[in-house]
Amino acid sequence: MSGIVIIGGGFAGIWSAAAAARVRGDTDLNITLVAPNDDLVLRPRLHRLLPDWSRVPLKRFLEPIGVSHLRAAVTEIDTDAHRVVADDRPLTYERLVVAAGSRLSRPAIPGSELLFDIDTAEGAARLAGRLHGMSGFRAVVVGSGFTGLEIATELAERGEVVLIERADTVGPDLGPGPRPVIEAALTALGVEVRLGTTITAVDETGARLLDGTRLPAEVVIWTGGMRANLLTAQIPAERDPLGRLPVDRRLRVQGDVFAAGDVAAAVADGTGRHALQSCQFATPMGKAAGHNAAADLLGAPLVDFTPDPYVTCLDLGSAGAVFTAGWDRQVQLDGKQGKEVKDTILDVIHPPLDDAEEILRQAGQQSNGVSG
Ligand SMILES: Cc1cc2nc3c(=O)[nH]c(=O)nc-3n(C[C@H](O)[C@H](O)[C@H](O)COP(=O)(O)OP(=O)(O)OC[C@H]3O[C@@H](n4cnc5c(N)ncnc54)[C@H](O)[C@@H]3O)c2cc1C
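Owing to the predicted nature of the structure, the values given are computational and were not obtained by experimental measurement.

As a structural note, the neighbourhood of the ligand is formed by 32 residues, with N37, R43, V74, D262 and C279 the closest of them. A distance of 2.8 Å separates a nitrogen atom of the ligand from a polar atom in the backbone of V74. Within the contact set of the ligand, an oxygen atom lies 3.3 Å away from a backbone nitrogen or oxygen of S102. Within the complex, 89% of the 1000 Å² of free accessible area of the ligand lies under protein. Of all elements in the fold, only helix 1 (11–24) and helix 6 (279–298) reach the threshold of two or more residues within the shell around the ligand. At three residues, the largest contribution of residues to the shell around the ligand is made by helix 6. The class makeup of the residues in the shell around the ligand is 16 nonpolar, twelve polar and four charged.

So, on to the packing of helix 1 against helix 8 (residues 356–363). Between helix 1 and helix 8, the shortest axis-to-axis distance is 8 Å and the interhelical angle comes to 100°. Judged by the inter-axis angle, helix 1 sits roughly perpendicular to helix 8. Across from W15, A18, A19, A21 and R22 in helix 1, the residues of helix 8 making contact are I359, L360, Q362 and A363.

Quick notes on the rules
- Residues numbered from 1 in each chain as written.
- Predicted model: local features only at pLDDT ≥ 70, side-chain atom pairs only at ≥ 80, totals over all residues.
- Heavy atoms only, no water.
- Near = heavy atom within 4 Å.
- Polar contact = N/O pair within 3.5 Å; in protein donor to acceptor, adjacent residues only side chain to side chain.
- Areas by Shrake-Rupley, 256 points an atom, 1.4 Å probe, with all protein chains shown as cover.
- Helix = DSSP H or I, 4+ residues; strand = E, 2+ residues; numbered from the N terminus.
- Nonpolar A, V, L, I, M, F, W, Y, C, P; charged D, E, K, R; others polar.
- Axes fitted to C-alpha atoms, helices over the stretch in contact; angles between N-to-C directions.
- Parallel < 35°, antiparallel > 145°, perpendicular 65-115°, else oblique.
- Contact = heavy atoms within 4.5 Å.

Here's what the structure looks like:
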């Protein structure tokens, strides 16, 4: 096999595949997406604990646009030999797009295998299964970033929630803009917040904190941050602290290798700020990387990755949601209006299915109105 190989079946991988298919046109360029999963997982939906609602069959996106899906996990990348190994099978490539995403980084503490998470559809299903039919449960949520806040506020409707944060403020990485809205929501929902501490051990009955306090709980949920897939270590490039590969404005790492999504540290604006690990960036990065991998191979013009202005929308359970704009996260909407925006976002991240024309049309919509 040769042509374009894309590693990963997340947002970045599928949109790379579609953008490459669009550039391919009537040529006989092979495009193969390698991923072990049958479904794209819409990770931003996972905190609602409806794992099946978060799954999208890859077949219905890839087949109509003529992209092959090899159900396998890549274990080796050899950029000198232009080859990857997927489930013991070597595949050569002319252009490679690395889009293998991220995974939750877990703490090395006693009982860590008992921790719940909402990082994957399987993780969300395990948590939903544990809480099924339970009312009045106690949950400890560790970490008050986006994921921790979303699951803590989601569960507060149904049980008692304690939110643990190592820093001395809630949502330390979210900045002061949305904090008053977040704090008001946590108070309204009765979430108990413990700052300046973390968990040191977990067992079947709860968690222990730094000062030795025991918190009884039916579930302890870890949300302590994402790291880029370890496959990135096999590409000769200096990775950032999140394990991401440096890319130029065309999302090229080096030579024939492009990267997109949570594995790529792409410059996101004129000040040199980097894209965040989010589907908001993974989707346009995928489109640009796939376009460029195919265009590079076929001698067509490449596009720059210039993302749309940065926004966030944080779900706050029955307290609504907070929508912010800009890197300083100025609040634009909260409460019910914020929730309407959140629900719309959770709808629009679902890719079109079964309709080649629509998939390819959307693949051609690069960020900032650039047509690919
Ligand atoms: C709970 C939660 C809530 C979130 N909420 C938001 C939100 O509200 N807004 C937002 O913008 N972002 C949100 N994110 C982040 C967003 O989901 C990720 O940034 C996005 O999924 C990244 O897309 P990706 O394609 O780079 O990687 P991923 O979605 O991680 O997909 C990676 C793909 O690579 C495959 N893969 C992994 N290893 C291999 C291998 N060895 N070989 C082949 N394939 C492999 C995986 O199976 C998967 O198909 C959230 C994330 C989580 C976990």
